[in-house]
Amino acid sequence: MTEKLLQYLWNYKVFKHFDFKDIEGHSVEIISFGKWNTNAGPDFLDAKIKTKDLVIAGNIELHLRASDWVFHNHSQDPNYQNIILHVVYQNDAEIDDLISKNVPTLELKDHIDQDILWKYEKMINGTQFIPCENIFDPNKIPLNFHETNVLKKLDEKSQELEKSLEKYKNNFEAVLFHSLAYSFGLKVNAHMFRQIAESIDFSIVNKIRQNESQLEALLFGISGWLEHPKDEKMLMWKREFEFIRKKFSIPDLTLHPKFLRLRPPNFPTIRLSQLADLYYRHQNLFSKIIKADNIDKLYEVFEPVKASEYWDFHFNFGTLSKFQPKTLSRDFIELVILNTVLPLKYTYHKYHNDETTDEILELYRNLTAEKNSVTSGWRNLGLKVKNALESQSLIFHHKTSCEEKNCLNCGIGFKLLKESSNV
């Protein structure tokens, strides 16, 4: 038993019976259990009880042991002067201060199902994929569990995007460019690609995006790849970059994306060329993304994108390879939609059309479920992960609840603790 668990059980009224009596044998009727206070002061505020034919309103303090009242020095704390009930798991001492004020003490040990304590201990001390793995039941997934998780994740992502929007004077086009660069960089180069994108004033991108070769040259030049040309195409890109840098007074900044541990289709050369092609093809990219109200329309934006012709025969500069057009795979497009497009659509519509939340959740439902170690772990527990709404939800929940062992604030944990187990 922990004090946090005791507060949890009191808040959700998880008891075998409610025939409460104080340690002197007087009946105690809980008219209102109070509001759980997560800040300093008594644990439950604005409660109401009836005892000895008197109705009393005030605050309730909970402790594992009655003696904790003394150890915590509550008698000297003015925040605890309006206590109407002292609730303890075990009454191990008489508290003179409470007796003198006629504050009853209620012992809960016999009111709590020991199976709950066993299950909670299993959760907190577990080292499995999720704390409740040994008692997990797929049927205990709460109603709207996935929708709630995805909206929480979108709210978190939205807060990050709002900071960027504030920094870039509410320029959604610029923030989209930075966010897409991050996604195109994948795990290895995500931060580096964002730095490259943020190092370029987006007005410059807008001015040269009708010339795909210049846009490639800008990205390749900032990446430091054009200093020593290995063929005619590189020499042309170098001339373009030097012209652009001089024309727009671009600072002499060089950032170096990584190739290590990447498959050739994910080389930064290929991904930056594809990013340039995306902006060359769509002069109003942000508008098209915002207006797209179904997955097919979003696919239409990304499916034609490919690296420029040079990369049909290359993965890196100056080294020939077998002919292979470098298009965007379906999996990559879905990754970009999940990580960039949908969070930005959500953020935009928060301020322009609150009624699009259901539409965005439906977009998640129409994307393929992700396959990784986390979703595999949930599948091994008997969950069917049918679409991206569910996979995104479970990945987010695993990160924010399961890894943190935040079982008392988990909808699944609540059901598992509250309902008796036959394990």
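Structural data are supplied above this passage.
Residues numbered from 1 in each chain as written. Predicted model: local features only at pLDDT ≥ 70, side-chain atom pairs only at ≥ 80, totals over all residues. Heavy atoms only, no water.

1. Regarding the environment of Asn380
Thought 1: One can find Asn380 in helix H16 (residues 373-380).
Thought 2: Judged by its relative accessible area of 69%, Asn380 is exposed.
Thought 3: Separated by 251 residues in the primary sequence, Asn380 and Phe129 place their C-alpha atoms 10.0 Å from one another. (Helix = DSSP H or I, 4+ residues; strand = E, 2+ residues; numbered from the N terminus. Buried < 20%, exposed > 50% of the residue type's maximum accessible area, 1.4 Å probe, protein only.)

2. Examining the packing of aromatic side chains
How two aromatic rings sit relative to each other is given by the distance of their centres and the angle of their planes.
Thought 1: Scanning the model with the defined rule gives 34 aromatic pairs in all.
Thought 2: Consider the rings of Phe202 and Tyr279, whose centres lie 6.2 Å apart with planes at 75 degrees: the pair is edge-to-face. Here Tyr279 lies in helix H11 (residues 268-281) and Phe202 lies in helix H8 (residues 202-208), a separation of 77 residues in the sequence. With respect to class, Phe202 is no different from Tyr279; both count as buried. (Phe/Tyr/Trp six-rings, centres within 6.5 Å; stacked < 30°, edge-to-face > 60°.)

3. Overview of the nonpolar core
Thought 1: Leu180, Leu278, Tyr279 and Phe302 are the most contacted members of the largest nonpolar core, which has 78 residues in total.
Thought 2: The biggest single contributor to this core is helix H14 (residues 330-352), with 9 residues.
Thought 3: Formed by 47 residues, the second largest nonpolar core is a distinct cluster that contains Ile30, Ala47, Ile130 and Ile135. (Core = buried A, V, L, I, M, F, W, Y, C linked by side-chain atoms within 4.5 Å.)

4. Observations concerning a nonpolar patch on the surface
Thought 1: A grouping of Phe313, Leu320 and Phe323 is seen on the molecular surface, where their side chains present a nonpolar patch of about 340 Å² in accessible area.
Thought 2: Taking the relative accessible area as the measure of exposure, Phe313 reaches 39% and is therefore partly exposed. (Patch = residues over 30% accessible without salt bridge, like charges linked within 9 Å, V, L, I, M, F, W, Y side chains within 5 Å. Areas by Shrake-Rupley, 256 points an atom, 1.4 Å probe, with all protein chains shown as cover. Salt bridge = Lys/Arg side-chain N within 4 Å of Asp/Glu carboxyl O.)

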